[in-house]
Every structure is written in structure tokens, then in C-alpha cells.
Amino acid sequence: MFDINELFSEVSASINTTDNTDAIWKEKLKFEAGKDYIVRLLPYAKEGKDGYKKTLYHYIRYSWQDQQGQWKNVLSPRTWGEQCPIQDYSKRVKYKGTPEEQADADERLSYREGAYANVYVLKDPTNPENEGKVKILDMGKKLYMIIKNALDGGLNDEWTEKAREFSGNKDIMVDVGRKVYDLTSNGINLVIRVRKNQYGLNSYETSSFSLSGADLGKTQDELDEILESCYDVTTIEPRLGFDELTKLFKETYLNITPTVDTPPTVINDKPTAPINDEPPVFANKPATPANQEVDTVGDVDDWFKKMKMNISSN
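An account of the accompanying structure is given in this report.

## A short note on unusual backbone geometry
Turning to step 1, where the next piece is worked out: One non-glycine residue, N255, lies in the positive phi region at around 60°.
Turning to step 2, where the next piece is worked out: Position of N255 relative to the elements: it lies in the loop between α8 (242–252) and α9 (300–313).

Here's what the structure looks like:
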């Protein structure tokens, strides 16, 4: 049995910091606009305290269209706290690129934030056979922020006020964050409401936590079995370092041919379900110092080398 207080501390800390298998991709939930889904967020308790940080895996992903029209989906090294050459390039284009480069980036390069989490499915109107099973929730930034807000205490005042009105007890204090991963009757469900936004994309901003149906009606043995069914969501996508990602990006996006033979890079070419809760945008935080000079478009290859030298010397 895991310690709910220890879990809460580890997950709360991990969301404020920054082997790929085919089978795990098949476990991701699929959503349709106009439908409501109900899940219970699950802690990753297989590895004890060391595994708690895998409970809510916040990622940053870049996607781009290669010269053959195929889309590449790659996690940014910023996901695990390292510098990302694609972020550096997108900043270069945004502030110093030619109009042609900027138009090309708007069409072929996108950036998204999201997170992976294990969930116990209570209601799935798209695939009812998922109900009563552990699945993977691939969420966009807005749904992630709803969960993070609850863990950070953003709902405590509102829920405390409602609890006091309902019970008449003015001394009640509600800590919503500690209920998010509680699988007992004291826990709460996440209601995922999928609606179309003004851009015609799926929006999850009306999703919320609910006490309704919080009691899963499971014995401790059954709850332990559910926890044992969780997936290591950090293995869903491969990690590429600065050099690997630079090489891949230069070859498939910039169409720059490498000068030496290097082993092929394995990336995620699988048709992932898009996270359509916001239009694509560039990263807002530049990884390059504001006063650093950047070469012209004809020297992109040399510029990447300078970026690598810059981070190596820091």
C-alpha cells in the first residue's frame, strides 16, 4: 500500500520542475467532441517513492512535416530539463528569420505541451469496452493545468466554502489536491468534457473534478491490482539528445545532408492522436541569450554547431 501523503509531495514537486513499446500506444484513450468521459487518476506506485514522479509526466513535443510530407513527432529535451535545438531554431526564425522561413515554420512546424497519466476508466462513451480498465490519458496543456491547479491548492477555497454550506460546519477545510490520487471513497473523479472551440478543435477547458461516484466499490486487493496494471508513461516516446535531434531536424526539416555517415535515429513516426485544445504556438522562453548573434539562413549548419559549442562551454 502506498503512502498518499508521500505521493502527494512527490507529484506536486515534479509538476513544478521540468525503451519505447508499440503496445503502450494502444492503451491511449480516444476522445470525441460532444461527449463526457469519467476517469480516476492513478498514482504510479510500482517503484515506490522513486516512481511517484512518473505519475504525471509533463512533456513538450515538437512536430514537423518532412520533405516527403510525413509528420515527425519528437519530445523536446526540455521535457527532461535539457536544451532543445528545435526551440533554438524556432526562436531564430521568429526573431531573425526571413519571411519565407517564417511562413514555412508556420505551415510545417508546431509546438505543444501536454502530459501522460494512468487512469482508471469509469465512463467511455467512445469505447465502452475500456470501462473498468487502466488506460493512458494523453492530455493537452489546458487539461494538464486543470489537474495541476487542483494539486497546487487552487480549488481548496471553493470546495471548502461549498462543504461548509452543505454541512453547516464552519471548521471544515478541504484539501482537494490530496483527493486527486486517493482511490478510497475520499477521492475524486475527473470528468473530461470534450467540446469544440472557436477554431473547430477539441477543447477540454470545461473539464472538472467531481465527488459524484467517488467510491469505486473496490476491495484493497482489487485496488492493488489496479495499481499493478499501470504503465510507465515515461517510456511511451524515445528520448533524443541534442546531437541526435539536431541531425534529425536538419535532415528531415531543413533538408541539410549530413557530411559524415552516422547511425540512423529511431523516432516516433506513429500516427499519434493530436492534442487539439489550443492552436500551435512557438515556445515562449528562449534558450539562447538575447544578445547572442545568429548567422544568416545560408549558415544554418554552422549555426547549429555554434549552439552546441555554446551549451558545452556553460
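## Let's talk about the packing of aromatic side chains
For any two aromatic rings, the description comes down to two numbers: the centre-to-centre distance and the angle of the planes.
Turning to step 1, where the next piece is worked out: Under the definition given, this model contains 8 aromatic pairs.
Turning to step 2, where the next piece is worked out: Centre to centre, the rings of Y62 and Y111 are 5.5 Å apart; their planes meet at 55°, and the pair counts as tilted. Here Y111 lies in strand β4 (residues 109–123) and Y62 lies in strand β2 (residues 56–65), a separation of 49 residues in the sequence. You'll find Y62 and Y111 in the same group, each marked buried.
Turning to step 3, where the next piece is worked out: A network of ring pairs unites the aromatic residues W64, Y89, F249 and Y253 as a single cluster.
Turning to step 4, where the next piece is worked out: Taking the ring centre of Y253 as reference, the NZ or CZ of R108 above it sits at 4.1 Å.

## Section: the packing of helix α3 (residues 85–96) against helix α4 (residues 99–108)
Turning to step 1, where the next piece is worked out: Two numbers describe how α3 lies on α4: the axes approach to 8 Å, and their chain directions differ by 130°. Classed by the angle they form, the pair α3 and α4 counts as oblique. Considering the relative orientation of α3 and α4, their crossing is left-handed. Counted together, Y89, R92, V93 and K94 of α3 and E101, Q102 and A105 of α4 form the full contact between these two elements.
Turning to step 2, where the next piece is worked out: Of the residues that constitute the contact of α3 with α4, the class distribution is 3 nonpolar, 1 polar and 3 charged.

Scoring rules and cut-offs
- Residues numbered from 1 in each chain as written.
- Predicted model: local features only at pLDDT ≥ 70, side-chain atom pairs only at ≥ 80, totals over all residues.
- Heavy atoms only, no water.
- Helix = DSSP H or I, 4+ residues; strand = E, 2+ residues; numbered from the N terminus.
- Phe/Tyr/Trp six-rings, centres within 6.5 Å; stacked < 30°, edge-to-face > 60°.
- Buried < 20%, exposed > 50% of the residue type's maximum accessible area, 1.4 Å probe, protein only.
- Lys NZ or Arg CZ within 6 Å of the ring centre and 35° of its normal.
- Axes fitted to C-alpha atoms, helices over the stretch in contact; angles between N-to-C directions.
- Parallel < 35°, antiparallel > 145°, perpendicular 65-115°, else oblique.
- Left-handed = near helix turned anticlockwise from the far one by under 90°.
- Contact = heavy atoms within 4.5 Å.
- Nonpolar A, V, L, I, M, F, W, Y, C, P; charged D, E, K, R; others polar.

Geometry only, nothing functional implied.
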